Amino acid sequence: MISSDGAEEKNDEGNTLVWLTGIALLVQMISIFVYVPTERTEGVIQRIMYFHVPCAWLSFFAFFVVFICSILFLWKKEREWDIYAHASAGIGVVFCSLVLITGPIWARPIWGAWWVWDARLTSTLILWLIYVAYLMLRAQSDAGSMRARYAAVLGIVGFLNIPFIHFSVLWWRTFHPQPKVITNEGIGKGMDPSMLATLGLSLCAFTLLYFLLMGERVRQEKIKDEIDKLKRQKFYSS
Amino acid sequence: MDNLGFLFAANVFVWCGIIYYVYTLKQRNRALEKDLDLLKETLSKEGS
């Protein structure tokens, strides 16, 4: 049970995170549209990168959390880890959807096509489908049931696709550009410093957003658990 | 500057997506909290 002081402290932390995230997103927007120079070959459309890449980062990070928490759930059998995995998968799917929306909008004027079935795009679509299946499975599962375990296994297997997505542009010839931040020459050598700074800022802002959303999603799952517990209590007492 | 429309569209999709997700999350949490309070109240009434 949380004391009123503890609850207040938690609320203060939550408010600080809301403010930090809001400020970071605002500074990121100013940086994208005012500070960063326009790229020479692609022009103004290249600015989509500052949304597209952070959305991809956030979804991969969210799926990494699903992977770790699913392993911990299968190992320790504690509901807490299951809650974190479920919450993170939902956030990952939302941001993976945004990747799959912003990617084609960027591709249309540059490649002349909304979508091509190259390795990077196809494997990202598969990742999205795996975690949509995960959420569908979760929607039918109760805490502690076998389905929660199946979902955990799917959460682990789904994550194995992410290294494949990352290396796909190096292993095959793809339409999708090669990594610009981490290259053979070093970190950030292939980018203008102001572009790198803006991208870094966007990544930080989206990471803060992830923790903010995660807090809300976890709270939601815990309230649901408490309602279920009270309903069971009511059922047995009547 | 021809591609400004595409940049605008991508921006709108990202922000509308995030705002809609945060809004639905907050609404759902509020509704669940209300349910929880109601349930607690019913149980305490039944108990007394």
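For the structure, see preceding data.
For the structure given in this document, a descriptive report is provided here. (Residues numbered from 1 in each chain as written. Chains lettered and ligands numbered in written order. Predicted model: local features only at pLDDT ≥ 70, side-chain atom pairs only at ≥ 80, totals over all residues.)

1. Here's the deal with the overall build of chain B
Counting secondary structure elements, chain B contains one helix and zero strands. Along the longest, intermediate and shortest principal axes, the C-alpha atoms of chain B span 70 × 5 × 5 Å. (Helix = DSSP H or I, 4+ residues; strand = E, 2+ residues; numbered from the N terminus.)

2. Some remarks on the overall build of chain A
Secondary structure assignment for chain A yields seven helices and two strands. Listed N to C, the secondary structure of chain A is α-α-α-α-α-α-β-β-α in terms of helices and strands. When the backbone C-alpha atoms are referred to their principal axes, chain A occupies close to 70 × 40 × 30 Å. By the burial criterion, 31% of the 238 residues in chain A qualify as buried. Long-range contacts, defined as pairs at least 24 residues apart, comprise 75% of the intrachain contacts of chain A with a sequence gap of at least 6. (Buried ≥ 20, exposed ≤ 12 C-beta atoms within 10 Å, placed from the backbone. Contact = placed C-beta atoms within 7 Å.)

3. Concerning the interface of chain A and chain B
Opposite the 27 residues of chain A that make contact, chain B presents 22 residues. Going through the elements one at a time, α2 (49-76), α3 (79-111) and α7 (193-237) of chain A are the ones with two or more residues in the side of chain A that touches chain B. Per element, the largest residue contribution to the side of chain A that touches chain B is 12 residues, and it comes from α7 of chain A. By residue class, the composition of the side of chain A that touches chain B is 14 nonpolar, four polar and nine charged. (Nonpolar A, V, L, I, M, F, W, Y, C, P; charged D, E, K, R; others polar.)

4. Here we look at helix α5 (residues 146-159) of chain A
Residue and element names in this part refer to chain A. Under the 1.5 Å per step criterion, the end-to-end length of α5 is 20 Å for 14 residues, consistent within 8% with the ideal 20 Å. Residues of α5 that are buried: A148, A151, A152, L154, G155, G158 and F159. For α5, the angular spread of the buried residues around the axis is 165°, confining them to a single face. Where α5 is buried, its residues touch α2, α3, α4 (119-139) and α6 (161-171). (Expected span 1.5 Å × (residues − 1). Arc of directions from axis to C-beta.)

5. Some points on the nonpolar core
Core analysis: the largest hydrophobic core is formed by 53 residues, its most contacted members being I48, C55, A62, V66, F95 and Y131 of chain A together with A10 of chain B. Looking at this core, the elements that each hand over two or more residues are α2, α3, α4, α5 and α7 of chain A together with α1 (4-47) of chain B. (Core = buried A, V, L, I, M, F, W, Y, C linked by C-beta atoms within 7 Å.)

6. Some remarks on the environment of L26 of chain A
All names here are of chain A. Structurally, L26 is set in helix α1 (residues 4-35). Since 11 C-beta atoms lie within 10 Å of it, L26 is described here as exposed. Sequence separation between L26 and F67 is 41 residues; the distance between their C-alpha atoms is 31 Å.

7. Regarding unusual backbone geometry
All names here are of chain A. Positive phi is not limited to glycine here, since K77 has a value of about 60°. Its location among the elements puts K77 in the loop between α2 and α3. Taking the C-beta count within 10 Å as the criterion, K77 has 12 such neighbours and is therefore assigned exposed.

8. Description of the environment of V94 of chain A
Structurally, V94 of chain A can be placed in helix α3. Note: C-alpha distance between V94 of chain A and L58 of chain A (36 residues apart in sequence) is 9.8 Å. Residue contacts for V94 of chain A: discarding those within four places in its chain leaves G17 and Y21 of chain B.

These figures capture arrangement, not role.
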